[in-house]
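The lines below spell out each chain.
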Amino acid sequence: MAKVLGEAIYGLEPYEDRTIQLPYDFGGEIGQELTFPPNLHILGTMNTADRSIAILDVAIRRRFAFLNMWPQVEVVEEKGNEMTKEAYQKLLSIFINYASEDSFDLMPGHSYFIAHDDVDAATQMQTNLIPLLKEYLAQGYVANFADAIHAYIQEIEQL
């Protein structure tokens, strides 16, 4: 990100004057200065399960606050059906009972468990959730509870 944003990352600093000098004169209203208004807030999301983003440039990381957000049971209860609610609870139980602190971050989010009918739910979990869990197994991310994940996958495949 630092290579893409370049000098603009200085504009993300929480200082009152958020003006940066640009390396080129763009003429017109922009000229050689870029100012970020004080009411500009940038929100971003990052999935910690994606190991390719685990290391962020320090210059970027120190300009943002980080807040962990866990999968929401309430969302599954409200927007899921009986099949997805049961599947979510089973997988959550596996992660609660077996996952280390590092691997608990890999608990699939509630979006995998939102469906209106059983056919949609089964298809979604078989085409989206199972490949994710198989990737976790292949990468060794859930090695200490692989048997429980394999059993869960077999259950979902039989829906």
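Refer to the structure printed above.
Everything numeric here is computed off the predicted structure, so don't read it as measured data. (Residues numbered from 1 in each chain as written. Predicted model: local features only at pLDDT ≥ 70, side-chain atom pairs only at ≥ 80, totals over all residues. Heavy atoms only, no water.)

A. Local environment of the overall build of the protein chain. Counting its secondary structure elements, the protein chain contains 7 helices and 2 strands. Helices and strands in the protein chain line up, N terminus first, as α-β-β-α-α-α-α-α-α. The buried share of the protein chain, reckoned over its 159 residues, is 32%. Considering only contacts in the protein chain between residues 6 or more positions apart, those separated by 24 or more positions represent 51%. Summing over all exposed atoms, the protein chain offers an accessible surface of approximately 10900 Å²; the carbon and sulfur share of this is 53%. (Helix = DSSP H or I, 4+ residues; strand = E, 2+ residues; numbered from the N terminus. Buried < 20%, exposed > 50% of the residue type's maximum accessible area, 1.4 Å probe, protein only. Contact = heavy atoms within 4.5 Å. Areas by Shrake-Rupley, 256 points an atom, 1.4 Å probe, with all protein chains shown as cover.)

B. Just the nonpolar core, in detail. Core analysis: the biggest nonpolar cluster contains 30 residues, and Leu91, Phe95, Phe113, Leu133, Val142, Ile149 and Tyr152 have the highest contact counts within it. Counting only elements with at least two residues in this core, the list comes to α4 (82–98), α6 (118–139) and α7 (146–157). It is α6 that provides the largest number of residues to this core, a total of 9 residues. Not counting residues up to four positions away in its chain, the partners in contact with Ile149 are Leu91, Ile94, Phe95, Leu133, Leu137 and Val142. (Core = buried A, V, L, I, M, F, W, Y, C linked by side-chain atoms within 4.5 Å.)

C. Just the side chain of Ser103, in detail. Here Ser103 shows up in helix α5 (residues 101–104). By relative accessible area, Ser103 is classed as buried at 3%. Separated by 3.0 Å, the side chain of Ser103 and the backbone nitrogen of Ser100 make a polar contact. Leave out the neighbours within four places in its chain, and Ser103 touches Phe95, Tyr141, Asn144 and Phe145. (Polar contact = N/O pair within 3.5 Å; in protein donor to acceptor, adjacent residues only side chain to side chain.)

D. Looking closely at α7. Taking 1.5 Å per residue as the helical rise, α7 with its 12 residues ought to reach 16 Å, and the 16 Å between its terminal C-alpha atoms agrees with that figure. Within α7, burial applies to Ala146, Ala148, Ile149, Tyr152, Ile153 and Ile156. All buried residues of α7 lie within an arc of 160 degrees about the axis, which places them on one face of the element. (Expected span 1.5 Å × (residues − 1). Arc of directions from axis to C-beta.)

E. Inspection of the environment of Tyr112 at higher detail. Here Tyr112 is to be found in the loop between α5 and α6. By relative accessible area, which is 23% here, Tyr112 ends up partly exposed. Residues Tyr112 and Met125, spaced 13 residues apart in sequence, show a C-alpha to C-alpha distance of 6.5 Å. Beyond its immediate stretch of four places on either side in the chain, Tyr112 contacts Gln124, Met125, Asn128, Leu129 and Leu132.

F. Focus on the packing of α4 against α7. Running from N to C, α4 and α7 point in directions that differ by 175 degrees, and their axes come no closer than 11 Å. The angle between α4 and α7 falls in the class roughly antiparallel. Residues Ala87, Tyr88, Lys90, Leu91, Ile94, Phe95 and Tyr98 of α4 lie in contact with α7, whose contacting residues are Ala148, Ile149, Tyr152, Glu155 and Ile156. For the contact of α4 with α7, the class distribution of residues is 10 nonpolar, no polar and 2 charged. (Axes fitted to C-alpha atoms, helices over the stretch in contact; angles between N-to-C directions. Parallel < 35°, antiparallel > 145°, perpendicular 65-115°, else oblique. Nonpolar A, V, L, I, M, F, W, Y, C, P; charged D, E, K, R; others polar.)

G. Main features of the environment of Asn81. Structurally, Asn81 can be placed in the loop between α3 (73–79) and α4. According to the relative accessible area criterion, Asn81 is buried, its value standing at 10%. The sequence separation of Asn81 and Ile114 amounts to 33 residues, and the corresponding C-alpha distance is 7.4 Å. Setting aside chain neighbours within four positions, we find Asn81 in contact with Ala115, His116, Asp117, Asp118 and Ala121. Within the structure, Asn81 has its side chain in polar contact with the backbone oxygen of Asp117 (distance 3.1 Å). A polar atom in the side chain of Asn81 sits 3.3 Å from the side chain of Asp118.

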